[in-house]
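Tertiary structure, described
Chain residues, written in single-letter form:
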Amino acid sequence: MVVGDVSTGTELAVIGAGTGGYVAAIRAGQLGMDVTLFEDDAVGGTCLNYGCIPSKALITATDVAHEAGNAEEMGVYADPEVAVDEMVEWKNGVVSQLTGGVEKLCKANGVEVVEGRAEFQDEHTLRVAHGGQGQGSETYEFEHAIIATGSRPIEIPGFEFDGDHVLSSRHALDFAGEPDSVVVVGAGYIGMELSMVLAKLDVDVTVVEMLEDVLPGYEDDLARPVKKRAEELGIDFSFGQAADSWEETEEGVLVRTEDEEGNVSEFEAEKTIVAVGRAPVTDTVNLEAIGLETDDDGFIETDDRARTELEHIYAVGDVVGEPMLAHKASKEGTVAAEVIAGEASALDYQAIPAAVFTDPEIGTVGMTEAAAEEEGFEPVVGRFPFRASGRALTTGHSDGFVRVVADEDSGFILGAQVVGPEASELIAELALAIEMGATLEDVATTIHTHPTLAESVMEATENALGHAIHILNR
């Protein structure tokens, strides 16, 4: 028996409870709005449940085990035993704690969370289908709506995800016992993070990549230390290879790839993980019903206030385009909520940091030297290697550097790149510097705690000014 349709009204409907959606909903609740948040999978979205958080939990756990077993130069001798099922259980506990916290925050801020798939019926009506037999559906009338449906892993032809032989990144983060061997298709940040986690669990990893190097889109000198470390961990690479087909074998899978000349290579493994990027999820909300079209890449176009072509419909997060980053989604969600509430708010994308949680980490923000030149600046560059950092040496991780790009005339910091220990944390200071319009001198004259990795940021700015203390200046 199907429950009859029920009609409900709400001031703001937020479709999707990921890092863009739930932040928008909570901020709107703080501003006194009547908010309903719809989610058809799990509160917290991909980031909290299947991406950012679980991957970083596994990265941390495998780093602990690997470092404990490889610290002889420090006089530490150990042979850690890793219980993968317990590691995954711990990871799941972290996820549960965070998603439970989001649910409590929504409730505390007056946000009603509704489980079910929401799609537009017209410009002011949503139909919400609830899962399960006899659960029926509801109709919600709204004044404003925010689309925050996120993204999903891209499937390539012939490699549709089955959760057994062909895995997505989501499958790979929830393994029940690690495989003996894997072929990872894609050497972008997701593929490299997963590859390093598995390699530190003594899994035989082969990475096949259509392009000619790891981490496409990042400068060579940032990617080089990551590739070097990956090879030290035993990861094999095969570049210039496009995944073509696979077949099941007694041991697992046989993956075939093809290069530009048509030459075919074969790779055997227990599993294959396809990590070639993510695509926006815009096919679940019935955009046709409101006459909203996506661009050629499937993204919804918005302005600097997160508004779509329809003045009362907003969109945030991965559905609006690159960069597909959780923190960008959250900022967009905040701005959308504030604009709807009548606040003076707008998006400013000049300082969006990005991080890759490989070993070593990479952090970037703003312009590269080449980009600064293209924009008409005369850039000055300062650099400080971690091998000259006392704190980096005491951690046993001294590969990499901090690089700062500034305008030579004004000294304003335009961008920065970090590869090395805690790069994801260090990049925040430089993002703040760009956002505030800080100069090289501002950062260089700020007293930094000693001994810390953060001193390397100060030294890089001093190097750009020509008076770094702990390295020879340019």
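Residues numbered from 1 in each chain as written. Predicted model: local features only at pLDDT ≥ 70, side-chain atom pairs only at ≥ 80, totals over all residues. Heavy atoms only, no water.

Glancing now at the overall build of the protein chain. Along the backbone of the protein chain there are 13 helices and 22 strands. Its C-alpha atoms give the protein chain a radius of gyration of 24 Å, within 12% of the compact-globule value 23 Å for 474 residues. For the C-alpha atoms alone, the extent of the protein chain along its principal axes is close to 75 × 65 × 45 Å. Going through the 474 residues of the protein chain one by one, you find that 52% of them count as buried. Long-range pairs, those at least 24 residues apart, make up 62% of the contacts in the protein chain with a sequence separation of at least 6. Of the roughly 22200 Å² that the protein chain leaves accessible, carbon and sulfur atoms contribute 46%. (Helix = DSSP H or I, 4+ residues; strand = E, 2+ residues; numbered from the N terminus. Rg over C-alpha atoms; globule rule 2.2 N^0.38 Å. Buried < 20%, exposed > 50% of the residue type's maximum accessible area, 1.4 Å probe, protein only. Contact = heavy atoms within 4.5 Å. Areas by Shrake-Rupley, 256 points an atom, 1.4 Å probe, with all protein chains shown as cover.)

A separate point is the sheet that holds strand β22 (residues 413-420). With antiparallel pairing, five strands are arranged side by side in an open sheet as β18-β19-β22-β21-β20. The open sheet is flanked by β18 (354-356) and β20 (379-385), the only strands paired with a single partner. Shown here is a sheet whose adjacent strand axes are inclined to one another by a mean of 10 degrees, direction ignored. Pairing geometry for β20 and strand β21 (residues 401-407), over seven bridges, is antiparallel. Each bridged residue has a counterpart across the sheet, and for Pro379 the counterpart in β21 is Asp407. Contacting β20, β21 and β22, helix α13 (residues 455-465) runs over the sheet at an angle of about 140 degrees to β20. (Pairing = 2+ DSSP bridges. Axes fitted to C-alpha atoms, helices over the stretch in contact; angles between N-to-C directions.)

With that out of the way, let us pick up the state of the cysteines. Inspection of every chain in the model, using the stated rule, returns zero disulfides. Just so you know, Cys106 is unpaired, no disulfide at all, and the nearest cysteine sulfur is the one on Cys47, 15 Å from it. On the basis of relative accessible area, Cys106 is assigned to the buried category, the value being 0%. (Disulfide = S-S within 2.5 Å.)

Once that is clear, we can look at the domain arrangement of the protein chain. Segmentation of the protein chain into domains returns domain 1 (6-153 + 280-340), domain 2 (166-276) and domain 3 (354-465). Measuring from the centre of the C-alpha atoms in domain 1 to the corresponding centre in domain 3 gives 31 Å. Listed by partner, the interface residues are five residues for domain 1 and six residues for domain 3. Roughly 450 Å² of surface becomes buried between domain 1 and domain 3 when both sides are summed, with 64% attributable to carbon and sulfur atoms. The interface formed by domain 1 and domain 3 includes zero salt bridges. Our count for the domain 1 to domain 3 interface comes out at one residue pair in polar contact (both at pLDDT 80 or more). Across the side of domain 1 that touches domain 3, the residue classes tally to three nonpolar, no polar and two charged. (Domains from an automatic or database assignment. Buried area = accessible area lost by both parts, 1.4 Å probe. Salt bridge = Lys/Arg side-chain N within 4 Å of Asp/Glu carboxyl O. Polar contact = N/O pair within 3.5 Å; in protein donor to acceptor, adjacent residues only side chain to side chain. Nonpolar A, V, L, I, M, F, W, Y, C, P; charged D, E, K, R; others polar.)

All right, on to the packing of helix α3 (residues 52-68) against helix α4 (residues 84-108) then. Where α3 contacts α4, the axes come no closer than 9 Å and their chain directions differ by 140 degrees. Relative to α4, the element α3 is oriented oblique. Here the hand of the crossing between α3 and α4 comes out right-handed. Along its contact with α3, which presents Ile53, Pro54, Ala57, Leu58, Ala61 and Thr62, the element α4 presents Met87, Trp90, Lys91, Val94, Val95 and Leu98. For the contact of α3 with α4, the residue count by class is 10 nonpolar, one polar and one charged. (Parallel < 35°, antiparallel > 145°, perpendicular 65-115°, else oblique. Left-handed = near helix turned anticlockwise from the far one by under 90°.)

Counting 40 residues, the largest nonpolar core has Met192, Val205, Val214, Leu215, Ile235 and Phe237 as the members making the most contacts within it. At the level of elements, α3, α4, β9 (181-185), α6 (189-199), β10 (204-209), α7 (220-232) and β11 (236-239) are the ones that each hand at least two residues to this core. By residue number, the principal contributor to this core is α6, which donates seven residues. Val102, Ala148, Ala336 and Ala337 belong to the second-largest nonpolar core, a separate cluster that totals 29 residues. (Core = buried A, V, L, I, M, F, W, Y, C linked by side-chain atoms within 4.5 Å.)

Right, let's get into the packing of aromatic side chains. Under the counting rule described, the total for this entry stands at three aromatic pairs. Judged by centre distance (4.9 Å) and plane angle (80 degrees), the ring pair of Phe38 and Tyr140 falls under edge-to-face. Placement of Phe38 in strand β2 (residues 35-39) and of Tyr140 in strand β6 (residues 137-147) is noted, with a sequence separation of 102 residues between them. Phe38 sits in the buried class, given a relative accessible area of 1%. The class for Tyr140 is buried, based on a relative accessible area of 1%. One residue, Arg170, lies across the ring of Tyr50, its end atom 3.5 Å from the ring centre. (Phe/Tyr/Trp six-rings, centres within 6.5 Å; stacked < 30°, edge-to-face > 60°. Lys NZ or Arg CZ within 6 Å of the ring centre and 35° of its normal.)

To continue, consider the sheet that holds strand β13 (residues 253-258). Spatially, three strands are ordered β12-β13-β14 in an open sheet, and the strand pairing comes out antiparallel. In the strand order of this sheet, the two ends are held by β12 (242-248) and β14 (264-269), each with one partner. Taken over all neighbouring pairs, the strand axes of this sheet differ in orientation by 25 degrees on average, direction set aside. Bridging between β12 and β13 involves six bridges; their strand directions are antiparallel. In the strand pairing of β13, Glu248 is matched with Val253.

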